[in-house]
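Analysis of the macromolecular model
What follows is each chain in one-letter form.
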Amino acid sequence: MSLAEVEQAWQTDGYTPLPECTYDPELHTGPRLTIESTPERAAREAVAREVCATCPALLFCERYALQTRPTSGIWAGLTPAELPVYADGLEVA
């Protein structure tokens, strides 16, 4: 499925909402200039997962993450460490 096809699939009344991570990228990637504590990171990632759960781009993000294997951030509600476990047994086109 192409990006144009995915965008068309999640359109509502001719409007294509942006993926939720574009509104607050640091929520999904972490702060750039400071170091998070373990509890801070866990809390941020929990909120990012909640945001991903309702994102209109969730399926596209999931497919992208499974194909590219990012090394950081939250992608479709998953960390890079969780992607291989999640993908086990899935066919990625």
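Structure: above.
Bear in mind the structure is a predicted one, so any value in this text is a computation, not a measurement.

**Topic: the overall build of the chain**
Assigned secondary structure in the chain consists of 5 helices and 0 strands. Moving toward the C terminus, one meets the helices and strands of the chain in the order α-α-α-α-α. Across the 93 residues of the chain, 27% fall into the buried class. Long-range contacts, defined here as pairs at least 24 residues apart, represent 45% of the contacts in the chain between residues at least 6 apart. For the chain, the exposed surface amounts to about 6400 Å²; the carbon and sulfur share of it is 58%.

**Focus on the packing of aromatic side chains**
In the structure shown here, the tally under the stated rule is 1 aromatic pair. Centroid distance Tyr 64 to Trp 75: 5.6 Å. Interplanar angle 35 degrees. Geometry classified as tilted. Of the two residues, Tyr 64 is situated in helix 4 (residues 58–68) and Trp 75 in the loop between helix 4 and helix 5 (82–87); the sequence distance between them amounts to 11 residues. Residue classification places Trp 75 among the partly exposed positions, given a relative accessible area of 26%.

**Things to note about the side chain of Glu 62**
Within the fold, Glu 62 resides in helix 4. Buried and unpaired, Glu 62 has Arg 63 as its nearest opposite-charge partner, separated by 7.5 Å. Those residues within four positions of Glu 62 in sequence are excluded, and the remaining contacts are Ala 76 and Tyr 86.

**Topic: the pattern of salt bridges**
Per the counting criterion, the structure on display carries 3 salt bridges. In this structure, Arg 44 and Glu 36 form a salt bridge, with 2.6 Å as the shortest nitrogen-oxygen distance. On the basis of relative accessibility, which here comes to 24%, the residue Glu 36 falls in the partly exposed class. A salt bridge links Glu 82 to Arg 49; its shortest N-O distance comes to 3.0 Å. You can see Glu 82 sitting in helix 5 and its partner Arg 49 sitting in helix 3 (residues 38–53), a full 33 residues away along the chain. Assessed through its relative accessible area of 28%, Glu 82 is described here as partly exposed. Residue Arg 49 is classed as partly exposed on the basis of its relative accessible area, which comes to 28%.

Definitions and cut-offs
Residues numbered from 1 in each chain as written. Predicted model: local features only at pLDDT ≥ 70, side-chain atom pairs only at ≥ 80, totals over all residues. Heavy atoms only, no water. Helix = DSSP H or I, 4+ residues; strand = E, 2+ residues; numbered from the N terminus. Buried < 20%, exposed > 50% of the residue type's maximum accessible area, 1.4 Å probe, protein only. Contact = heavy atoms within 4.5 Å. Areas by Shrake-Rupley, 256 points an atom, 1.4 Å probe, with all protein chains shown as cover. Phe/Tyr/Trp six-rings, centres within 6.5 Å; stacked < 30°, edge-to-face > 60°. Lys, Arg positive; Asp, Glu negative; His and termini not counted. Salt bridge = Lys/Arg side-chain N within 4 Å of Asp/Glu carboxyl O.

Shape descriptors only; they carry no functional weight alone.
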